[in-house]
Amino acid sequence: MNVVVPVGMVKFVFCVEGSGAFRVEEIGVDCYARITVPPGIWFGFQGLSAPNSLVLNLADIPHDPNEVERMALSDINFDWK
C-alpha cells in the first residue's frame, strides 16, 4: 500500500505481527508525506481533523478483497488517546 492524506490529518499505527512494538506516524496537510506499507505489517488509522480527513491509497493494481486480513482494534494493545 502507498497511502497519502490530502485532506486533514491522520494518525497511522503500525505493528509487525506478534512483535507488540508500535510505530506511530501522523501525516496530512501539516506534514504531507507518502507512507509505503509492506506486506506483513498490521496497521490502523485514526482521523485527527474535524470535520473530515481523507486517506488515499495509490495502487497500480485492482483491489483484491481476498488479499486482506482484518482484526478488531480490541485485539491490539494500543492506547489511541
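Residues numbered from 1 in each chain as written. Predicted model: local features only at pLDDT ≥ 70, side-chain atom pairs only at ≥ 80, totals over all residues. Heavy atoms only, no water.

**A closer look at the overall build of the protein chain**
- The helix and strand tally for the protein chain stands at zero helices and six strands.
- Element order for the protein chain, N to C, with α for helix and β for strand: β-β-β-β-β-β.
- At 13 Å, the protein chain has a C-alpha radius of gyration in line with the 12 Å of a compact globule built from 81 residues.
- In terms of overall dimensions, the protein chain has C-alpha extents of about 35 × 30 × 20 Å along its principal axes.
- For the protein chain, the accessible surface area stands at approximately 6,000 Å², while carbon and sulfur atoms represent 53% of it.
- Taking the average place of the 5 positive charges on the side chains of the protein chain and the average place of its 10 negative ones, the gap between the two points comes to 6 Å. (Helix = DSSP H or I, 4+ residues; strand = E, 2+ residues; numbered from the N terminus. Rg over C-alpha atoms; globule rule 2.2 N^0.38 Å. Areas by Shrake-Rupley, 256 points an atom, 1.4 Å probe, with all protein chains shown as cover. Lys, Arg positive; Asp, Glu negative; His and termini not counted. Charge placed at Lys NZ, Arg CZ, Asp CG, Glu CD.)

**Regarding the sheet that holds strand β1 (residues 2-7)**
- Read across the open sheet, the three strands follow the order β4-β1-β6; overall the sheet is antiparallel. The sheet terminates laterally at β4 (35-36) and β6 (54-57), the two strands that pair on one side only.
- Taken together, the two bridges between β1 and β4 define a ladder with antiparallel strand orientation. What sits directly across from Asn 2, in β4, is Thr 36. (Pairing = 2+ DSSP bridges.)

**Focus on the confidence of the model for the protein chain**
- The predicted model of the protein chain has a mean per-residue pLDDT of 90, with 99% of residues at 70 or higher.
- Across the protein chain, the element-wise mean pLDDT spans from 92 in strand β5 (residues 41-47) up to 97 in β1. (pLDDT = per-residue confidence, 0-100.)

**Digging into the pattern of salt bridges**
- Enumeration according to the criterion identifies one salt bridge in this entry.
- Residue Arg 23 pairs with Glu 25 through a salt bridge whose shortest N-O separation is 2.7 Å. (Salt bridge = Lys/Arg side-chain N within 4 Å of Asp/Glu carboxyl O.)

**A short note on the sheet that holds strand β3 (residues 22-28)**
- An order of β3-β2-β5 is seen for the three strands of this open sheet, with the pairing classed as antiparallel. The outermost strands of the open sheet, each flanked by one partner alone, are β3 and β5. Adjacent strand axes in the sheet meet at a mean angle of 20° when their direction is disregarded.
- Bridge count for strand β2 (residues 9-16) against β3 is seven bridges, and the pairing is antiparallel. Of the residues in β3, the one forming a bridge with Phe 14 is Arg 23. (Axes fitted to C-alpha atoms, helices over the stretch in contact; angles between N-to-C directions.)

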